[in-house]
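# A closer look at the structure
Given next are the chains, with one letter for each unit.
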Amino acid sequence: MKKIVVAKTGNEAMAEAMRQINPDVVAAYPITPATEVVQIFSGFVADGRVDTEFVPAESEHSALSACVGAAAAGGRVMTSTASQGLALMHEVLFIAAGLRLPIVICEVNRALAGPINIHCDHSDTMASRDSGWLQIYSENSQEAYDNTIQAMKIAEKVFLPAIVSVDAFIISHSMERLEILPDDEVRSFIGEHRKPYDLLDIAHPITLGGLDLQDYFFEHKRQEIEAMKEAKTAVIEVGKEFGEKFGTSYGFFEEYRMDGADIAIIALGSTAGTSKVVVDTLRAKGMKVGLFKIRVFRPFAFEEIKKSLEHIKAIGVLDRADGMSSIGGPVFHEIRSSLYESEKRPFITNYIYGLGGRDIFPKDIETVYRELNEIAEKDEVKNLINYIGVRE
Amino acid sequence: MKEIFEIRWHGRGGQGAKTAALLLGDAALSTGKYIQAFPEYGPERMGAPVQSFDRLSDKPITIHSGITNPDIVIVLDPTLMKSIDVTDGLAEDGHLIINTHKSPDEIRKEFNIKGRKIATCDAYKISEDTIGKKIPNTPMLGALIKVTGLLDFEKMLKDTEEKMQKKFSGRPEIVKGNIESMKRAYEEVKQE
Amino acid sequence: MKKGWKELAIGTQITKPGSSEDFKTGDWRTERPIIDFDKCIHCLICWIYCPDSSIDVRDGKIASINYDFCKGCAICVEECPKDAITMHSEVEFEK
């Protein structure tokens, strides 16, 4: 099989994956920095390169509502958005998941207002983390492309919708080397469209989205919870199959030089890539450091994470969003919760960073490793919650 | 060559600083390099000072921080020199390549630049002669390759020509003018 | 016996069409409409207006009221041009 090497931005990479998936319907509304995804895709529609019905909606709320209708009618459906757009979709996110519709959103992680901002942080997707959507974070353009293809397949295996995200501008607008798979390989990988039901199947009429009160709502939610558990198996199966066919396997997380590591940083998205540079530098100096990159945040791999991290002495969790709980960010909470049952229970501290696009440099990450090293040596945490690069 | 080569482009909104960074990245990719090319993030405004960046390497590039200490700085508009310190963060032995009719020596004296290797190229004149418009980005690519030897120039010309032919199909004069501008800048760039 | 989550169709589907027939709403009623067929001209206006489709029509004529579903809203009484329908307390019909 011949892969094509091209230079593409994260947005272009996701649009390319969408073209190859060739969804039945894309309903969307443009928003910085995700505009390009649907702009490029609408070009594919205009040029007849896809068979998609493209619906330019009047808002993100309408866009995702149209997606819900199209998916319920039996279509393979995708869209793209960012930040305020995802926030405006919020209500419909829960409906799509509740109706078990395998819609895929190509999302660009941008800070939620206010204050208004267009740059990267993870507050938008983190605010959607309990909506019943799978969440896959991408380190670079290549992962954005690979993840979009896999997300479609995973979503249709368990009948839950999925968000694939990239960091605003840092990845969405950064051109990188990208290996593209042949169209037919992508199509055979995702396979025939699997739908949970079909509203247009008049031989088997169904009612959908009826008022669901005390006597049935809980059962339907219980099914959704079970689907999210099943998604754990699907993520692994699809990631493994992707590796067997195309050379790069994917799982819940990536362990970068974690062998024999005493201290580790946990990061999502592009910062994981920057952290790898620092790991290499510090390893060369003899420090036993590693990086634990979380790829799939929903479903959250509690047991697997516990197993992988419990032998580490000190862990620094990098959160590109603050949960406004007064005690740190969402990734921090879930990592700490994962390790509660561990007898070894590593020290775990939280670093809030990069809000509203504040850049993070290797020297910042090196500082985190040095602080973790001190915690490991002194058996003592000075500051549980820390903020990187904010002016005091 | 260093493990990762970092380049910063200075221009004005609308001058093609972003396009130049993307063209260079694309051309470098076709010679087998790993690349990153990205604009200064934010709303684009015609005429306002803007920056764009490239990273080139023989190995995969995982860093995703901004570029603060480039090895090469390219200035697409000479008037930017008065309002911006284009040497900010530029390595002591780094290259500063400026679109100006002045000589490197004149620039060094006028702006009191210490260290660095200065090169100048009258990209406005070249682009007016070859493309018929003040479009400094493609000629400056030619100057960059001559000064740094980063890529094989012939390969790059071929790659750029192919990409432009796709973008400007039906307007061969634009492709021809741009390629000619790169060749002339390659010949005419003045170095210390 | 209501189904548990493992047996229910996913995604809130109701797979049996017309299942509202199983949900009798007649016991919501405190008064019931009764048609005086001496006055009724079979104009079908009550049939058009009934929100619960509880007016039975046979061969183009008003036949009866379906008390399994009639909620006793009295819209038919209000709309009848011949005042052929009147409401009567359910207590009268208790035995």
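Owing to the predicted nature of the structure, the values given are computational and were not obtained by experimental measurement. Every chain is numbered on its own, with residues counted from 1 as its sequence reads. Written order decides the labels, with chains lettered from A and ligands numbered from 1. Local features in a predicted model are, by the rule used here, given only for residues with pLDDT of at least 70; side-chain atom pairs are given and counted only at 80 or more, and totals for whole chains, interfaces and linings are based on all residues.

### Re the overall build of chain B
To keep it simple, the criterion reads: A helix here means a DSSP run of H or I that spans at least four residues, while a strand means a run of E at least two residues long, and both kinds are numbered starting from the N terminus. In this treatment the radius of gyration is a C-alpha quantity, and the globule benchmark scales as 2.2 Å times the residue count to the 0.38 power. To sort residues by exposure, count the other C-beta atoms lying within 10 Å of each residue's C-beta; 20 or more gives buried, 12 or fewer gives exposed, and values between give partly exposed, all with C-beta atoms placed from the backbone.
When you go through chain B residue by residue, the secondary structure sums to seven helices and seven strands. Along chain B, from the amino end to the carboxyl end, the secondary structure elements read β-α-β-β-β-α-β-α-β-α-α-α-α-β. A compact globule built from 192 residues would reach a C-alpha radius of gyration of about 16 Å, and chain B, at 15 Å, matches this within 12%. Each of the three principal axes of chain B carries a C-alpha extent, and together these read 45 × 40 × 35 Å. Split into buried and exposed, the 192 residues of chain B put 46% on the buried side.

### Things to note about the overall build of chain A
This is how the line gets drawn: Note on contacts: residues are paired as contacts if their backbone-placed C-beta atoms lie within 7 Å.
Assigned secondary structure in chain A consists of 13 helices and 15 strands. For a compact globule of 392 residues, the expected C-alpha radius of gyration is about 21 Å, and chain A comes in at 21 Å, within 12% of that figure. If you line up chain A on its principal axes, its C-alpha atoms span 70 × 55 × 45 Å. With 392 residues in all, chain A has 54% of them scored as buried. Within chain A, contacts between residues at least 6 apart in sequence are counted, and of these 80% link residues at least 24 apart.

### Quick word on the domain arrangement of chain A
Residues and elements named next belong to chain A. Our working rule: As used throughout, domain bounds are those supplied by an automatic or database domain assignment.
Assigned domains of chain A: these are domain 1 (4-246) and domain 2 (253-387). Centre-to-centre separation of domain 1 and domain 2, based on C-alpha positions: 28 Å. Each side of the interface is counted separately: domain 1 has 27 residues, and domain 2 has 20 residues.

### Thoughts on the sheet that holds strand β7 (residues 190-191) of chain B
Defined as follows: Note on pairing: DSSP must find at least two bridges between two strands before they are called paired. The axes used here are C-alpha line fits, helices contributing only the stretch in contact, and every angle between their N-to-C directions lies in the interval 0 to 180 degrees.
Pairing is mixed in the open sheet, where nine strands are placed in the order β1(A)-β8(A)-β2(B)-β3(B)-β1(B)-β4(B)-β5(B)-β6(B)-β7(B). Each having just a single partner strand, β1 (4-8) of chain A together with β7 of chain B make up the two edges of the open sheet. Sheet analysis places strand β1 (residues 4-12) of chain B next to strand β4 (residues 72-75) of chain B, joined by four bridges and oriented parallel. Its bridge partner being in β4(B), B:H10 is matched across the sheet by B:V75. Taken strand by strand, helix α7 (residues 141-158) of chain A contacts β1 and β8 (175-180) of chain A, and its axis lies near 40° from that of β8(A).

### Observations regarding the confidence of the model for chain B
The condition is simple: The predictor reports its confidence for every residue as pLDDT, a score running from 0 up to 100.
With 98% of its residues at a pLDDT of 70 or more, chain B shows a mean pLDDT of 92. Among the scores for the predicted complex, ipTM is 0.92 and pTM is 0.93.

### Brief notes about unusual backbone geometry
All names here are of chain A. The omega torsion of the bond from T32 to P33 falls at 0°, within 30 degrees of zero and hence cis. With respect to the helices and strands, the residue P33 is situated in the loop between β2 (25-28) and α2 (35-46). Cis geometry is found at the peptide bond from G114 to P115, where omega equals 0°. Mapped onto the elements, P115 comes out in the loop between β5 (104-109) and α6 (123-126).

### Brief notes about the nonpolar core
Applied cut-off: Core membership is restricted to buried Ala, Val, Leu, Ile, Met, Phe, Trp, Tyr and Cys residues, and these are joined into a nonpolar core through C-beta atoms within 7 Å.
Counting residues in hydrophobic clusters, the biggest one holds 165 residues, and the most contacted among them are A:C67, A:A162, A:I266, B:I97 and B:M140. Take this core: its biggest share by element is nine residues, from helix α1 (residues 17-30) of chain B. Residue-level mapping places this core at the junction of two domains, with at least three residues from each of domain 1 (4-246) and domain 2 (253-387) of chain A. Not counting residues within four places of it along the chain, the set of residues in contact with A:C67 comprises A:V25, A:A27, A:V77, A:T79 and A:I103. Membership of the second largest hydrophobic core comes to 10 residues, among which are C:C46, C:I65, C:C70 and C:C80.

### As for the arrangement of the chains
Taken together, the two pairs of chains in contact show their highest number of contacts between chains A and B. Where chain B comes nearest to chain C, the C-alpha atoms are still 41 Å apart, and the two do not contact one another.

### Observations concerning the packing of helix α10 (residues 270-284) of chain A against helix α13 (residues 362-378) of chain A
Residue and element names in this part refer to chain A. Selection rule: What sets the label is the angle itself: under 35 degrees gives roughly parallel, over 145 gives roughly antiparallel, 65 to 115 gives roughly perpendicular, and the rest give oblique. Here a crossing is called left-handed whenever its near helix is offset anticlockwise from the far helix by less than a right angle, and right-handed whenever the offset is clockwise.
In the contact formed by α10 and α13, the axes pass within 9 Å of each other and the chain directions differ by 60°. Considered as vectors, α10 and α13 are oriented oblique to each other. Of the two possible hands of crossing, α10 and α13 adopt the one that is right-handed. Where α10 approaches α13, its residues T274, S275, V277, V278 and L282 are matched on the opposing element by P362, I365, E366 and Y369.

### Some remarks on the interface of chain A and chain B
Here is the rule we go by: When residues are grouped by polarity, Ala, Val, Leu, Ile, Met, Phe, Trp, Tyr, Cys and Pro land in nonpolar, Asp, Glu, Lys and Arg in charged, and all others, Gly among them, in polar.
Each partner contributes to the interface: chain A provides 20 residues, whereas chain B provides 16 residues. When residues of the side of chain A that touches chain B are traced back to their parent elements, those giving at least two are β1, β8 and α10 of chain A. If you tally residues by element for the side of chain A that touches chain B, the top one is α10(A), at five residues. When the residues that make up the side of chain A that touches chain B are grouped by side-chain class, the tally is nine nonpolar, seven polar and four charged. Two elements, β8(A) and strand β2 (residues 34-39) of chain B, share two bridges in a ladder whose sense is antiparallel. The residue bridging A:M175 from the neighbouring strand is B:A37, located in β2(B).

### With respect to the environment of B:G11
Residues and elements named next belong to chain B. Assignment of secondary structure puts G11 in strand β1. According to the C-beta neighbour criterion, G11 is buried, with 27 such atoms within 10 Å. Linking G11 and K114, residues 103 residues apart in sequence, is a C-alpha distance of 22 Å. Sequence-distant contacts of G11, that is, excluding residues within four places in its chain, are made with G16, A17, V50, L76 and D77.

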